[in-house]
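Commentary on secondary and tertiary structure
Chain residues, written in single-letter form:
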Amino acid sequence: MEEQQTSPPQTLHGEVYYPSAETVTQANIPDPEAVRCEAEADLTGYWARRAGELEWYRKWDTVLDESNPPFYKWFVGGKTNIVANALDRHVRTWRRNKLALIWEGEKGDLKTYSYHALNREVCKFANVLKSMGTGKGDRVTIYMPRIPETVIAMLATAKLGAIHSVVYGGFSVEALHGRIEDSESKVIVTADGGYMNGKVVELKKIVDEALQRTAAPENVVVVKHTGREVNMEAGRDYWYHELMNLPLTRNSMKCETEVMDAEDPLFILYTSGTTGKPKAVLHTHGGYQVGIYATLKDVFDLKEEDRWWCTADPGWITGHSYIVYAPLIAGATSVMYEGAPTYPFPDRWWTIIEKYGVSVFYSTPTAIRGLMRFGASWPNRHDLSSLRILGSVGEPINPEAWRWFHKNIGKERCPIMDTWWQTETGMFMIAPTPAMPLKPGSGTKPYFGVQADVLDEHGNSVKPGEEGFLVLKRPWPAMLRTIYKDPDRYMKTYWSKYPGLYLAGDSARKDEDGYFWVIGRVDDVIKVSGYRLGTAELESALVSHPAIAEAAVIGLPHEIKGVAIHAYVITKAGVETGETLVEELKRHMAHEVGPIAKPEKIEFVSSLPKTRSGKIMRRVLKARALGMAEGDLSTLED
Ligand code: WT7
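Residues numbered from 1 in each chain as written. Predicted model: local features only at pLDDT ≥ 70, side-chain atom pairs only at ≥ 80, totals over all residues. Heavy atoms only, no water.

With that out of the way, let us pick up the packing of helix α17 (residues 535–543) against helix α18 (residues 579–592). Following both chains from N to C, one finds α17 and α18 inclined at 120°, their axes separated by 9 Å at the closest point. Here α17 is positioned oblique relative to α18, judged by the angle of their axes. In the packing of α17 onto α18, the handedness of the crossing is right-handed. In this structure, α17 uses Leu 538, Ala 541 and Leu 542 to contact α18, whose residues at the interface are Leu 585, His 588, Met 589 and Glu 592. Considered class by class, the residues forming the contact of α17 with α18 number 5 nonpolar, 1 polar and 1 charged. (Axes fitted to C-alpha atoms, helices over the stretch in contact; angles between N-to-C directions. Helix = DSSP H or I, 4+ residues; strand = E, 2+ residues; numbered from the N terminus. Parallel < 35°, antiparallel > 145°, perpendicular 65-115°, else oblique. Left-handed = near helix turned anticlockwise from the far one by under 90°. Contact = heavy atoms within 4.5 Å. Nonpolar A, V, L, I, M, F, W, Y, C, P; charged D, E, K, R; others polar.)

Moving on: the sheet that holds strand β16 (residues 307–310). Within the open sheet, the 7 strands sit side by side as β5-β4-β17-β16-β18-β19-β20. Their pairing is mixed. Unpaired on one side and paired on the other, β5 (110–114) and β20 (416–419) mark the two borders of the sheet. The sheet shows a mean angle of 20° between the axes of neighbouring strands, taken without regard to direction. (Pairing = 2+ DSSP bridges.)

This next bit is on the side chain of Thr 366. Tracing the backbone shows Thr 366 in helix α13 (residues 365–372). When neighbours within four sequence positions are excluded, Thr 366 is seen to be in contact with Glu 395, Ser 529, Gly 530, Ile 560 and Lys 561.

This part is about the nonpolar core. In terms of nonpolar packing, the biggest core is built from 147 residues, with Trp 47, Phe 125 and Leu 155 touching the most fellow members. Element by element, the count of residues in this core is highest for helix α5 (residues 115–131), at 9 residues. Val 207, Leu 581, Val 593 and Ala 597 belong to the second-largest nonpolar core, a separate cluster that totals 40 residues. (Core = buried A, V, L, I, M, F, W, Y, C linked by side-chain atoms within 4.5 Å. Buried < 20%, exposed > 50% of the residue type's maximum accessible area, 1.4 Å probe, protein only.)

Function cannot be inferred from these measures alone, as they are strictly geometric.
Structural data, given as structure tokens:
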């Protein structure tokens, strides 16, 4: 590559992009291998050092308690609250005047919040929640568009020591209903609607419908965002702006941050699993804040003067960790945008980067592939010189999209941080730092102190280049602590295939340089446009339609979405099949689960391949669809 290169420490194999000398010298971590050695030699020492960069009401006694695996505990004895690090400590310094959040609505409206302002709004809303009886350990469901009030509601909940359960605003009635019911939330925070692609998503209407299916929570708080008329039920529904302007107490702009044990729950976040209902992954205050802060600072090299933009939605773990909490803990300025990347034109994102001077930009392969379609002329008409580092998450990035991103957005100057992690891991697990050589499509190596491996069926490490199961061998501070209300499922799902090791559910390869290449899910989780959906959830939504008797769902490769949903359905006797029913079923899926759950293709069949015990053999369906060998069929029923 160009002259600026430092000489590579060793020659790596394949297509390699070495960091420029400038990138290395200005990086927060100029010598990643030295830090890797430090963390490997003394894992708890490393994490204690990083935890020491944050504030604690009381310091921990024990960094890592491994006495009851897999129920690991971090920073035991420590007293903290993530909000103390995200807001309280900043408003005591000059940072009170720094922008915490720059928000742009899809319609072009702009709102900014300094740390002082964000803290004030969070305190006010915490007082509102408190007046509704919300306290330590209570659950609050947040079902919102991508607006600042989402961030405010999350922080206000955490400040009180209550547990938030954010449900992605793209989910619909049944998905929302299940999550409200399982979490037993007494309060729901929502909005009259949000803008997406020039249309209004009527969130309050979806809430009303979901609440008809469940025991009603006591209070629903509604943010007025679109101004559309909504149904407000007296005694249950309240306008956010009215509550925020009530003189609740004489000090309603101040609210004490609740002192929490490091291991107290911070939030639950539902994620699709292999079977049955979505799992509520539980994260805690102490370890989570340390893990997400350290990884954001190191991997994205975050600096005081940066403007950080993570394009995810707060409703996913990416948003929880890297829109809401870590950037605030790091004292950064975040950009947040409400709408679609192509509205009104395919250069909306590039306009935003130019307009606000974004320097670190974190997005997804699906979005890159989608925007790539429109050609380089769209980014080329913008000044993107403020950019310094790029990132990718959610699914494997194909080298072609990587190169396009590198060339047309990063102008061959900006390294791309491909970060592999999960709702469960809370923080980046396999990811480079900017001073490391990159290979398109690889997340490079595990983050400092993380030990990953690729194993065969019997638990042996596979040879370089061979495919196997991705596992994590040591605990990490931002790890999930359990599945809320279901510790058995936690043990079975993640810790039973290889006792003592965390099973990620992905297949991967490790190359001769020790670089990891994640291939995709090996379970019945489908990653559609990077969104995680479970076959069980999708199939149960299909059979909830009166015309359908049985359904099976698989993921097949798709040029833009990475993977798309293909459904096979058996109709009930006497039902007329055809295009009308296909359209009807797609609408049904969008209504019950959400627009992302609309199948790409629906096929009517008269039988499904099943094992003798009645389990659908999705791998057989997949092999047939791809025209591949069907493999071992000895357990097939007929
Ligand atoms: C699954 C986790 C945590 C980020 C958002 C997704 C896939 C995630 C990558 C990547 C290849 C990736 C895996 C993983 N995945 N990042 N950089 N390269 N695959 O969180 O919804 O919990 O999904 O996303 O399959 O297991 P999630």
